[in-house]
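Remarks on the overall topology
Read off the chains here:
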Amino acid sequence: MSTNTAVQQQSSSSSEESRKWRALTARLGKTLLAFGFYLGNLLLNVVLLAIAHERTPIDELPLPDVTFDLLPYWPGAIYLVEAYIIVLLLLVFLLSLFHRNGYRIGQRFCLVSGMVYFVRAVSIAVTQLPVSGNRHDCQPKQDNVVSIWLFIETIIWRCLVYLPTLGLRLASRDTFCGDNLFAGYLVTVVLSYCFLSYYLMPAEVKATSLWWWAADGLLYFASLLAVLLMLVGRSHYLVDIIFGYYVSTRVFYIYHTICNHESLHYSTAGNFFTKFWWWPLFVFFEVDNPGQVVATNRFHNPFSAVGKVLGNRRWASSSSKACKVRRGQKDAPNDKFALTSVSH
């Protein structure tokens, strides 16, 4: 009786660990798909920027901009912006790694950023404005009369040059122009701040901790300073900043509003959010994961959690084998007695 009870307990424990393992692999798979969506839209931006570089009026003077009249020009400001962007992305990565619901935060960051970068890709493809800063920083264009194969080869070469650094001037001097309608740097600054403020420093935490409230304020003013430095460095026009801010914040707010209200997760007559082109993505990544991200007790060690699942799987497997061996040993005398009785 005790052996059967032990076997049932081991079987229940093994099935529970198998369920946890399947859930872990499903989360990892969806996170990788979201990251692939993000990288795919970044690649689309790079390809379209390499093409739009040929259409950009590099030789023309910058358009009139009120901020250019009011603010001084400092070319080195863009390097500070890029350094700040690297810090923000590192913080978002650490948040996704150590937060108890980090996989969902990482998925949402990749999805929302990918959506916004898709809109940016469309803006790059349709309209090219004169360069806002020093037009001599742009790489030379291709000759006017070239074969289609030479043009394709040039585009591929530009993408291979641009991709390793994603246009960061801290790492490369190869600059391609043509994105002066939608500030890409602003997308990263705004979305990184929104995710850090919402998940790392939620309202429940800032209401009870002066330290987190001060950290959020510091991050807010640092992001404002980064936007100001974009204008001082003449990397974008003010309209680029306004356009990028509006699109980035609207996508973030709308996506998280739908996430936080389960009644909006389904296609009904009054739910017009289903008209968005990214609605199928939301259904795939969010509908099977109801509930909000925790605000308290929100950090954990991801490596110990994965190790615990893997260790329990190995322990359950070895325990199952041991139970089978013990059960076989117990049944062996009975089988021997049965054979003896038959022989008699």
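Residues numbered from 1 in each chain as written. Predicted model: local features only at pLDDT ≥ 70, side-chain atom pairs only at ≥ 80, totals over all residues. Heavy atoms only, no water.

1. Comments concerning the pattern of salt bridges
Stated formally: By convention in these notes, a salt bridge is any Lys or Arg side-chain nitrogen within 4 Å of a carboxyl oxygen on Asp or Glu. We count a stretch as a helix when DSSP gives it H or I for four or more residues in a row; a strand needs E for two or more, and each element gets its number in order from the N terminus. The buried label applies to any residue whose accessible area, calculated with a 1.4 Å probe on protein chains only, is under 20% of its type's maximum; exposed applies above 50%, and partly exposed to all values in between.
Taken as a whole and judged by the stated rule, the model has five salt bridges. Arg108 is the partner of Glu286 in a salt bridge, and the nearest nitrogen-oxygen pair spans 3.0 Å. In this pair, Glu286 sits in helix H10 (residues 279–286) while Arg108 sits in helix H4 (residues 102–126), placing the two residues 178 residues apart along the sequence. Taken as a pair, Glu286 and Arg108 share a single burial class, namely buried. Through salt bridges with shared partners, a single ionic network connects Arg104, Arg108 and Glu286.

2. A short note on the packing of aromatic side chains
We count it as follows: Pairing of aromatic rings covers Phe, Tyr and Trp, the last through its six-membered ring, and needs centres within 6.5 Å; plane angles under 30 degrees mean stacked, over 60 mean edge-to-face, and all others mean tilted. Cation placement over rings: the criterion is NZ of Lys or CZ of Arg within 6 Å of the ring centroid and within 35° of the ring normal.
Applying the stated criterion across every chain yields a total of 21 aromatic pairs. When the ring of Tyr198 is compared with that of Phe252, the centres are 6.2 Å apart and the planes differ by 85 degrees; the resulting orientation is edge-to-face. Here the residue Tyr198 occupies a position in helix H6 (residues 184–200), and Phe252 occupies one in helix H9 (residues 238–259), the gap between them amounting to 54 residues. The exposure class assigned to Phe252 is buried, which follows from its relative accessible area of 5%. What links up through ring pairs into an aromatic cluster is the set Phe35, Tyr38, Phe109, Tyr117, Phe195, Tyr198, Tyr199, Phe252 and Tyr253. In this arrangement the basic side chain of Lys30 is found over the ring face of Phe284, its NZ or CZ atom lying 5.0 Å from the centre.

3. What about the layout of surface pockets?
Let me state the cut-off plainly: Computed over the protein atoms alone on a 1 Å grid, cavities are sets of points where a 1.4 Å probe fits but cannot get out and pockets are open sets with protein on both sides within 12 Å along at least five of seven lines; a residue lines them when it has an atom within 4 Å of a point. Grid points are joined across faces, edges and corners, and a volume is the space filled by probe spheres set on the points. Gly counts as polar in this scheme, as do all residues outside two lists: the nonpolar Ala, Val, Leu, Ile, Met, Phe, Trp, Tyr, Cys and Pro, and the charged Asp, Glu, Lys and Arg.
Taken as a whole, the second largest pocket spans an internal volume of roughly 830 Å³. Around the second largest pocket, the lining is made up of 39 residues, and of these Tyr162, Leu166, Gly167, Leu168 and Tyr185 lie nearest the centre. The residue inventory of the lining of the second largest pocket, partitioned by class, reads 20 nonpolar, 12 polar and seven charged.

4. Focus on the side chain of Arg234
What counts is decided by this rule: We score Asp and Glu as negative and Lys and Arg as positive, and we do not count His or the chain ends. The contact rule is simple, with two residues in contact once any of their heavy atoms fall within 4.5 Å.
By secondary structure assignment, the location of Arg234 is in the loop between helix H8 (210–232) and H9. No salt bridge is formed by the buried Arg234, whose closest oppositely charged neighbour, Asp69, lies at an N-O distance of 6.9 Å. Beyond its immediate sequence surroundings of up to four residues, Arg234 is in contact with Phe68, Leu71, Pro72, Tyr73, Ser132 and Gly133.

5. Some details on the packing of H4 against H6
Pairs of packed helices are described in terms of their axes, by the angle between the two and the distance that separates them. Our working definition: A fitted line through C-alpha atoms serves as each axis, taken over the contacting stretch for helices, and the angle formed by two N-to-C directions is quoted from 0 to 180°. Convention used here: angles under 35 degrees read as roughly parallel, angles over 145 as roughly antiparallel, angles from 65 to 115 as roughly perpendicular, and any remaining angle as oblique. Throughout, a crossing is termed right-handed when the near helix is turned clockwise from the far one, and left-handed when it is turned anticlockwise from it by less than a right angle.
For the pair H4 and H6, interaxial distance at closest approach is 11 Å and the crossing angle is 155 degrees. When the axis of H4 is compared with that of H6, the two are roughly antiparallel. Remark: the crossing between H4 and H6 carries right-handed chirality. Residues Ile105, Arg108, Phe109, Val112, Ser113, Val116, Tyr117 and Arg120 of H4 lie in contact with H6, whose contacting residues are Gly184, Val187, Thr188, Leu191, Ser192, Phe195 and Tyr199. Looking at the contact of H4 with H6 residue by residue, the classes come out as nine nonpolar, four polar and two charged.

6. A word on the nonpolar core
Stated formally: For this analysis, a nonpolar core means a set of buried residues of the types Ala, Val, Leu, Ile, Met, Phe, Trp, Tyr and Cys, connected via side-chain atoms within 4.5 Å.
Tyr255 and Phe282 are the most contacted members of the largest nonpolar core, which totals 55 residues. Taken together, the elements giving at least two residues each to this core come down to helix H1 (2–52), helix H3 (77–98), H4, H6, H8, H9 and H10. Here the element with the most residues in this core is H6; it accounts for 12 residues. For Phe282, the residues in contact, after removing those within four places along its chain, are Tyr255, Ile258, Cys259, His265 and Val287.

7. Focus: the confidence of the model for the chain
Operational definition: Residue-level confidence of the predictor, termed pLDDT, takes values from 0 up to 100.
Per-residue pLDDT for the chain averages 80, and the proportion of residues at 70 or more is 75%. Per-element averaging of pLDDT across the chain places helix H11 (residues 302–343) at the bottom with 48 and H9 at the top with 94. Between residues 332–344, whose pLDDT stays under 50, and residues either more than four places distant or in other chains, the model counts zero contacts.

8. Examining the environment of Asn101
Examined against the element boundaries, Asn101 turns out to sit in the loop between H3 and H4. Separated by 98 residues in sequence, Asn101 and Tyr199 have C-alpha atoms that sit 9.5 Å apart.

9. Things to note about H4
For clarity, the cut-off: What a helix should span is 1.5 Å times the count of its residues minus one.
Look at H4: 36 Å from first C-alpha to last across 25 residues, which is about the 36 Å you get at 1.5 Å a residue. Where burial is concerned, most of H4 is hidden: 19 out of the 25 residues are buried.

10. Notes on the environment of Asp65
Position of Asp65 among the secondary structure elements: in the loop between H1 and helix H2 (66–70). The class of Asp65 is buried, set by a relative accessible area of 9%. Sequence-wise, Asp65 and Val239 are 174 residues apart; in three dimensions their C-alpha atoms are separated by 8.7 Å. Apart from residues no more than four positions distant in its own chain, Asp65 is found in contact with Tyr237, Leu238 and Val239.

11. Describing the packing of H3 against H8
Contact pair H3 / H8: the axes reach a minimum separation of 8 Å and the direction vectors enclose 145 degrees. The handedness of the crossing between H3 and H8 is left-handed. For the pair H3 and H8, the contacting residues are Ala77, Leu80, Val81, Tyr84 and Leu88 in the first and Leu219, Ala222, Ser223, Ala226, Leu229, Met230 and Val232 in the second. Along the lines of polarity and charge, the residues of the contact of H3 with H8 split into 11 nonpolar, one polar and no charged.

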